Amino acid sequence: MDESVEKSEEDLSRGESEVPKSNWTNEDRALKEKLLRKYSKYISSLKHEFSNKKKKGKLPKEARQVLLDWWNVHYRWPYPTEADKIALAESTGLDQKQINNWFINQRKRHWKPSENMQFAVMDSLCGSFLI
């Protein structure tokens with residue numbers, strides 16, 4: 001096998017990070033530049049997309065307030081219907097997934113159903129099994 005082919009296959013199997021740039025040939029540099037020119041827009045859009053997905057933080061204050069207002073009105077049973085979720089998404093500018101996650105977290109952190117509510121749920125569950 002040709003020595004240059006062996007070297008390039010070895011370099012590929014090890015990955016670029018293990019090959020010092022000082023060992024790159026002019027051909028390697030030219031190929032890298034060509035690929036960067038051809039795919040730079042695609043690469044930058046991917047970087048942007050991944051950075052957006054990693055971004056964590058609080059929801060906008062106005063959106064949180066709309067969700068809290070709904071929560072306070074429906075505190076006894078804070079499970080929005082699909083229509084409620086759509087309306088909340090439209091009024092807050094959030095995704096439905098964000099709405100769902102906010103309510104899941106809010107219920108876990110701040111809601112404890114009353115004993116009457118727990119008994120009513122249990123009665124309805126048991127009653128449906130007895131029929």
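To keep things clear, this report deals only with the structure shown in the data block. Treat the numbers as computed from the prediction; the structure is a model and nothing was measured.

1. Some thoughts on the packing of aromatic side chains
No. 1: In total, this model carries 7 aromatic pairs according to the counting rule given.
No. 2: Arranged with centres 5.2 Å apart and planes meeting at 85 degrees, the rings of Trp 70 and Phe 103 form a pair that is edge-to-face. Of this pair, Trp 70 sits in helix α3 (residues 61–73) while Phe 103 is found in helix α5 (residues 96–110), placing the two residues 33 residues apart along the sequence. Side by side, Trp 70 and Phe 103 carry an identical accessibility label, which is buried.
No. 3: Measuring from ring centre to ring centre gives 4.6 Å for Trp 77 and Tyr 79, while their planes differ by 40 degrees; the resulting arrangement is tilted.
No. 4: On the accessibility criterion, Trp 77 (43% relative accessible area) is partly exposed.
No. 5: Put simply, the rings of Trp 70, Trp 71, Tyr 75, Trp 102 and Phe 103 pair up and form one aromatic cluster.

2. Some words on the nonpolar core
No. 1: Counting residues in hydrophobic clusters, the biggest one holds 12 residues: Leu 59, Ala 63, Leu 67, Trp 70, Trp 71, Leu 88, Ala 89, Leu 94, Ile 99, Trp 102, Phe 103 and Trp 111.
No. 2: In terms of residues, this core owes the most to one element, α3, which gives 4 residues.
No. 3: The residues contacting Ala 89, other than those within four sequence positions of it, are Leu 94, Gln 96 and Ile 99.

What counts and how
- Residues numbered from 1 in each chain as written.
- Predicted model: local features only at pLDDT ≥ 70, side-chain atom pairs only at ≥ 80, totals over all residues.
- Heavy atoms only, no water.
- Phe/Tyr/Trp six-rings, centres within 6.5 Å; stacked < 30°, edge-to-face > 60°.
- Helix = DSSP H or I, 4+ residues; strand = E, 2+ residues; numbered from the N terminus.
- Buried < 20%, exposed > 50% of the residue type's maximum accessible area, 1.4 Å probe, protein only.
- Core = buried A, V, L, I, M, F, W, Y, C linked by side-chain atoms within 4.5 Å.
- Contact = heavy atoms within 4.5 Å.

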